[in-house]
Amino acid sequence: MIKKILVLVIAMQFTSCAELQKVVSQLPNSGGGISQEQIGNGLKQALDNGIKNQVTKLTSKDGFYSNDLVKILLPEELKAVDKGLRKIGLSNLADEGIKVLNRAAEDAVKTATPIFVNAIKNMSFKDAKNILLGEQNAATSYLKNETSTALYSEFTPVIKNSFGKVGADKVWANLINKYNSIPFVNKVNPDLTGYVTKQALQGVYTMIEVEEKGIREKAGLRNTALLKQVFALQDKI
């Protein structure tokens, strides 16, 4: 899916629409060319791969926590909490606080797939064309634009529920109470649900972009005939 699905922005500076269409028509295909529908379906397959191959990894144990690309760290306002707890010998509690935030995200991401599937199904050829002529992460950007609002609404209650499932609510209630009991500190009452929701979503899009880049740059990751055919267009530019 992917810009270099078909074309780089730089390539656009040197390739007219007529020249691009000429390249499209010369792609190997049983009909002698590649149709708009095939281009759109190829982009959809690329996004499907991103979900199947990358997003599902986030739902496994330590899917977030052990992945430096998406690991959820403490927001700026809670770094003082982390530092304060470590100063009074509660490093283990501080470490557990970070871990359970990631556990909640791992649990919540399991709900993302249906929303992504709907966004991919609704992709028009105009969308596909914009992706084809867009930036290197154009496919991921499309999906982000189409799903972020729905996913945020979906994730917020799920994250809240996941906090309870993985024990994050109790860990953080204890952690915040411990910190607020330290003399002379500024007491905190952070919105961890909102923060983890945003971080979980960003992690999802980050991993889809990883797959998008891989398909663009590595022919071996084009695991269907359609992906090979559609992405051959980018290779010709």
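Cut-offs applied
- Residues numbered from 1 in each chain as written.
- Predicted model: local features only at pLDDT ≥ 70, side-chain atom pairs only at ≥ 80, totals over all residues.
- Heavy atoms only, no water.
- Helix = DSSP H or I, 4+ residues; strand = E, 2+ residues; numbered from the N terminus.
- Buried < 20%, exposed > 50% of the residue type's maximum accessible area, 1.4 Å probe, protein only.
- Contact = heavy atoms within 4.5 Å.
- Areas by Shrake-Rupley, 256 points an atom, 1.4 Å probe, with all protein chains shown as cover.
- Salt bridge = Lys/Arg side-chain N within 4 Å of Asp/Glu carboxyl O.
- Polar contact = N/O pair within 3.5 Å; in protein donor to acceptor, adjacent residues only side chain to side chain.
- Expected span 1.5 Å × (residues − 1).
- Bend = angle between axes of the 7 residues up to and from the residue.
- Core = buried A, V, L, I, M, F, W, Y, C linked by side-chain atoms within 4.5 Å.
- Axes fitted to C-alpha atoms, helices over the stretch in contact; angles between N-to-C directions.
- Left-handed = near helix turned anticlockwise from the far one by under 90°.
- Nonpolar A, V, L, I, M, F, W, Y, C, P; charged D, E, K, R; others polar.
- Phe/Tyr/Trp six-rings, centres within 6.5 Å; stacked < 30°, edge-to-face > 60°.
- Lys NZ or Arg CZ within 6 Å of the ring centre and 35° of its normal.
- Arc of directions from axis to C-beta.

A. A look at the overall build of the protein. Helix and strand content of the protein: 12 helices and 0 strands. Listing the helices and strands of the protein from first to last along the sequence gives α-α-α-α-α-α-α-α-α-α-α-α. Here the protein holds 237 residues, and the buried ones make up 47% of them. Partitioning the intrachain contacts of the protein with sequence separation of at least 6 by distance along the chain shows that 83% fall at a separation of at least 24. Surface summary for the protein: the accessible area is close to 12,000 Å², and the carbon and sulfur share equals 50%.

B. Representation of the pattern of salt bridges. Counted according to the given criterion, the structure contains 7 salt bridges. Arg-86 is the partner of Asp-82 in a salt bridge, and the nearest nitrogen-oxygen pair spans 2.8 Å. Placement of both Asp-82 and Arg-86 in helix α5 (residues 79-87) is noted, with a separation of 4 residues, approximately one turn of the helix. Note on Arg-86: relative accessible area 30%, which makes it partly exposed. Asp-107 is the salt-bridge partner of Lys-165, the closest N and O atoms lying 3.0 Å from each other. In this pair, Lys-165 is assigned in helix α9 (residues 138-166) and Asp-107 in helix α6 (residues 91-108), connecting sequence segments 58 residues apart.

C. View of the side chain of Glu-212. Within the secondary structure, Glu-212 sits in helix α11 (residues 192-217). You can call Glu-212 buried: its relative accessible area is 2%. A polar atom in the side chain of Glu-212 sits 3.3 Å from the backbone nitrogen of Ala-138. For Glu-212, the side chain forms a polar contact with the side chain of Thr-140, separated by 2.4 Å.

D. Expanded view of α9. Counted at 1.5 Å a residue, the expected span for α9 with its 29 residues is 42 Å, but the 35 Å between its end C-alpha atoms falls short. Taking the largest bend as the criterion, α9 deviates by roughly 50 degrees, centred on Thr-147. The set of residues buried in α9 consists of Ala-138, Ala-139, Thr-140, Tyr-142, Leu-143, Thr-147, Leu-151, Phe-155, Val-158, Ile-159, Ser-162 and Phe-163. Looking one or two places after α9, you find Gly-167, whose phi comes out positive at around 80 degrees.

E. Spatial organisation of unusual backbone geometry. Backbone geometry places Asp-62, a non-glycine residue, at a positive phi of 70 degrees. Structurally, Asp-62 is set in the loop between α4 (36-58) and α5.

F. Geometry of the nonpolar core. Residues Phe-116 and Trp-172 are the most contacted members of the largest nonpolar core, which totals 61 residues. A per-element tally of this core places α11 first, with 10 residues. Discounting chain neighbours no more than four positions away, the residues touching Trp-172 are Leu-74, Leu-78, Gly-97, Ile-98, Val-100, Leu-101 and Leu-192.

G. Summary view of the packing of helix α7 (residues 113-121) against α9. Remark: α7 packs on α9, axes separated minimally by 10 Å, with the N-to-C direction vectors making an angle of 145 degrees. As for the relative orientation of α7 and α9, their crossing is right-handed in sense. On the side of α7, the interface is formed by Ile-115, Phe-116, Ala-119 and Ile-120, while α9 contributes Tyr-142, Leu-143, Glu-146, Thr-147, Ala-150, Leu-151 and Glu-154. Here the contact of α7 with α9 is composed, by residue class, of 8 nonpolar, 1 polar and 2 charged.

H. A look at the packing of aromatic side chains. Using the criterion set out here, one finds 0 aromatic pairs in the structure. Here the guanidinium or amino end of Lys-71 rests over the ring plane of Tyr-65, the centre of that ring lying 4.4 Å away.

I. Spatial organisation of the environment of Ala-108. Looking at the element boundaries, Ala-108 is found in helix α6. On the basis of relative accessible area, Ala-108 is assigned to the buried category, the value being 0%. C-alpha separation for the pair Ala-108 and Glu-154, spaced 46 residues apart in sequence, amounts to 9.2 Å. What Ala-108 contacts, discounting residues up to four positions off in sequence, is Phe-155, Val-158, Ile-159 and Ser-162.

J. How the structure looks around helix α10 (residues 168-180). Taking 1.5 Å of rise per residue, 13 residues should cover 18 Å, and α10 covers 18 Å from first to last C-alpha, within 8% of that figure. Those residues of α10 that sit buried are Ala-168, Val-171, Trp-172, Leu-175, Ile-176, Tyr-179 and Asn-180. On an axial view of α10, the arc spanned by its buried residues comes to 150 degrees, and they lie on one face. Residues of α10 that are exposed and angled more than 90 degrees away from the buried face: Lys-170 and Asn-177.

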